[in-house]
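# Descriptive analysis of the structure
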Amino acid sequence: MRRIAILGSTGSIGTQALDVIAANPTLFELFAITGHSNVALLAEQARRFKPNMVIITDDSKYLELKESISDLDDVKVFAGMQSVCDMVAMSSVDMVLTSMVGYAGLQPTIAAVKAGKTIALANKETLVVAGELICSLAAQHRSAILPVDSEHSAIFQCLAGEQDKSIEKLLLTASGGPFRTFSLEQLAHVTKADALKHPNWDMGAKITIDSASMMNKGFEVIEAKWLFGVQKEQIDVVVHPQSIVHSMVQFTDGSIKAQLGMPDMRLPIQYAFGYPNRLPNNYERVDFAKIATLTFEKPDTNKFRNLAFAYDAMDKGGNMPCILNAANEVVVHAFLHDKIGFLQMSDIIEWAMMTMPFVAEPSYDDYVACDALVREKVAQKIG
Ligand code: NDP
Ligand code: MG
């Protein structure tokens, strides 16, 4: 039995992870769930799964949650991020799925890593912001980080049985999002409703906007650097609109391995939960006769500048990826609230990268200060 804590159980990844646990009751036990604002869903999940602990990170919702499940005697209810950090370090937890969104995942991920837990990592923003710190802590505390992001799960699966030194290149596939074929002129006028319609994946709002702007792929490039210990020159992005090839590894002899499957996040979640075992399921299979064509093209970084910014931030290192992430979180929020246009998001991120103070070797406190400062300045700029 693997005892699992799900951080962000009320989200897109979190709910799919619960499906995986429900389908494998003899392998996985749900120890704890956390949510931020969705009290009704968190309460429903607590009722259905009866985990030992339920935590709501927004303290103001504690009483509402507590009252709605007051009849569940064996389920303890807590509030706040510190409770999450304490919970992930408990000896009853074997694995922590980090599926909360954004920078908020940093503190509990670090707590879980320091406690030597196995991390099933969905919350890529933590590796973008503080990849160096997290990886060195993971090595120090023998915490294994298993990727949940579909591209990184694909690479991880391609690397099974291979040696790290045999990697020549990682080929990260990208769907290209809903605006792949749009001109700059068209991009200037897209709305949030257009951006929220992803062609292949059904995800939370923030990552859906990141996918439309290709910031998600930029983040994944940085995520790949830390997860697989490769250099900037060894990570290529290939646009593949069908989202069937989830990513590829090119080896030093020129051979390429790819992992394919239907676009269904339960697959990489299940792979991380069950690792190193493959678990049977009845999810939809790839039918090549139906798909007929798989196509590949080069990403256009003139249109999707965020992808180039991510490579620049990775190259610069230090707190630059933290600046990139904080600026992005604020502009995505502003775009989702109709305060700025689609292309303005990249303009403001570029401004933040050029003007915010650079720290070459940031400590944890430097990241916290940088994140707060960038949020404040970018919010001021948006007005
Ligand atoms: P959602 O927006 O669907 O869910 C986010 C989760 O985080 C919810 O449980 C939410 O709680 C919680 N949350 C929101 N704000 C906070 C906060 N300030 N503190 C603590 N918890 C918070 O996101 P997704 O499931 O789409 O994505 C989650 C993570 O997984 C992201 O980092 C994303 O990049 C990554 N990912 C997602 C994929 C997908 O297919 N969705 C694919 C690959 C990676 P509540 O709803 O209760 O407010
Ligand atoms: Mg992905």
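Below is a summary of the structure that appears in this document. Note that the coordinates shown come from a computational prediction; the quantities given were computed from them, not determined experimentally.

Rules and cut-offs
Residues numbered from 1 in each chain as written. Chains lettered and ligands numbered in written order. Predicted model: local features only at pLDDT ≥ 70, side-chain atom pairs only at ≥ 80, totals over all residues. Heavy atoms only, no water. Core = buried A, V, L, I, M, F, W, Y, C linked by side-chain atoms within 4.5 Å. Buried < 20%, exposed > 50% of the residue type's maximum accessible area, 1.4 Å probe, protein only. Helix = DSSP H or I, 4+ residues; strand = E, 2+ residues; numbered from the N terminus. Contact = heavy atoms within 4.5 Å. Near = heavy atom within 4 Å. Polar contact = N/O pair within 3.5 Å; in protein donor to acceptor, adjacent residues only side chain to side chain. Areas by Shrake-Rupley, 256 points an atom, 1.4 Å probe, with all protein chains shown as cover. Pairing = 2+ DSSP bridges. Right-handed = clockwise from strand over helix to strand, strands pointing away. Donors = N, O, S within 2.8 Å, 3.2 Å for Na, K, Ca; no water. Axes fitted to C-alpha atoms, helices over the stretch in contact; angles between N-to-C directions. Phe/Tyr/Trp six-rings, centres within 6.5 Å; stacked < 30°, edge-to-face > 60°. Lys NZ or Arg CZ within 6 Å of the ring centre and 35° of its normal.

This paragraph deals with the nonpolar core. Among the nonpolar cores identified, the biggest contains 126 residues, and Met87, Phe273 and Leu324 are the most heavily contacted of them. Looking at this core element by element, the count peaks at 12 residues for helix H15 (residues 320-336). Residues within four places of Phe273 in sequence aside, it is in contact with Arg2, Ile4, Ala17, Val20, Ile21, Phe28, Met95, Leu97 and Ala120.

In this section: the site of ligand 1. Surveying the vicinity of ligand 1 reveals 25 residues, the closest of which are Thr10, Ser12, Ser37, Glu125 and Gly204. Here an oxygen atom of ligand 1 and a backbone polar atom of Ile13 are 2.9 Å apart. Between ligand 1 and Asn38 there is a distance of 2.9 Å, counted from an oxygen atom to a backbone nitrogen or oxygen. In isolation ligand 1 has 900 Å² of accessible area, and contact with the protein removes 86% of it. Residue assignment for the shell around ligand 1 shows that the elements contributing at least two residues are helix H1 (12-23) and helix H6 (124-140).

Once that is clear, we can look at the pairing of strand E2 (residues 28-35). For E2, a buried count of 7 out of 8 residues is recorded, marking the element as mostly surrounded by other parts of the structure. In this structure, strand E1 (residues 2-7) lies alongside E2, joined through 6 bridges in parallel fashion. Considered in E2, the bridge of Ile4 is made with Leu30. The parallel pair E1 and E2 is bridged by H1, and the resulting crossover is right-handed.

Protein ligation of the magnesium ion (ligand 2) involves Asp149 (OD), Glu151 (OE) and Glu220 (OE), the donor distances falling in the range 2.1 to 2.2 Å. Sequence positions of the donors to the magnesium ion (ligand 2) reduce to the motif D-x1-E-x68-E. You'll find Asp149 and Glu151 in the same group, each marked buried.

On to the sheet that holds strand E6 (residues 118-121), then. Read from one edge to the other, the open sheet built from 7 strands follows the order E4-E3-E2-E1-E5-E6-E7, with strand pairing classed as parallel. Both edges of this open sheet fall to strand E4 (76-79) and strand E7 (145-147), since each of them pairs with a single strand only. Put simply, the sheet's adjacent strands are angled 20° from each other on average, direction ignored. Bridging between E1 and strand E5 (residues 95-98) involves 4 bridges; their strand directions are parallel. Residue pairing for E5: Ile6 is matched across the bridge by Leu97.

Strand order in the open sheet made by the 4 strands is E9-E8-E10-E11, with mixed pairing throughout. With partners counted over all chains shown, the strands left at the sheet margins are strand E9 (235-239) and strand E11 (256-260), one partner each. Geometrically, the sheet is characterised by an average inter-axis angle of 20° between neighbouring strands, direction not taken into account. Two strands pair when backbone bridges link them, and strand E8 (residues 167-174) and E9 are joined in this way by 5 bridges, in the parallel orientation. Looking across to E9, one finds that Leu172 is bridged to Val237. Together, E8, strand E10 (245-251) and E11 form the strand contacts of helix H7 (residues 150-158), whose direction differs from that of E10 by roughly 40°.

In total, this model carries 7 aromatic pairs according to the counting rule given. For the pair Phe156 and Tyr271, a centre-to-centre distance of 6.2 Å together with 75° between the ring planes defines the contact as edge-to-face. Here Phe156 is found in helix H7, whereas its partner Tyr271 is found in helix H12 (residues 266-274), with 115 residues between them in sequence. Like Phe156, the residue Tyr271 is buried in the burial classification. Residues Phe335 and Phe342 carry aromatic rings whose centres are separated by 5.8 Å and whose planes lie at 70° to one another, so their mutual orientation is edge-to-face. Side by side, Phe335 and Phe342 carry an identical accessibility label, which is buried. Chaining the aromatic ring pairs together yields one cluster made of Phe179, Phe182, Phe335 and Phe342. Looking at Lys225, its charged tip hangs above the ring of Trp226, at a distance of 4.9 Å from the centre. Sitting over the face of the ring of Phe358, Lys316 holds its NZ or CZ atom 4.3 Å from the ring centroid.

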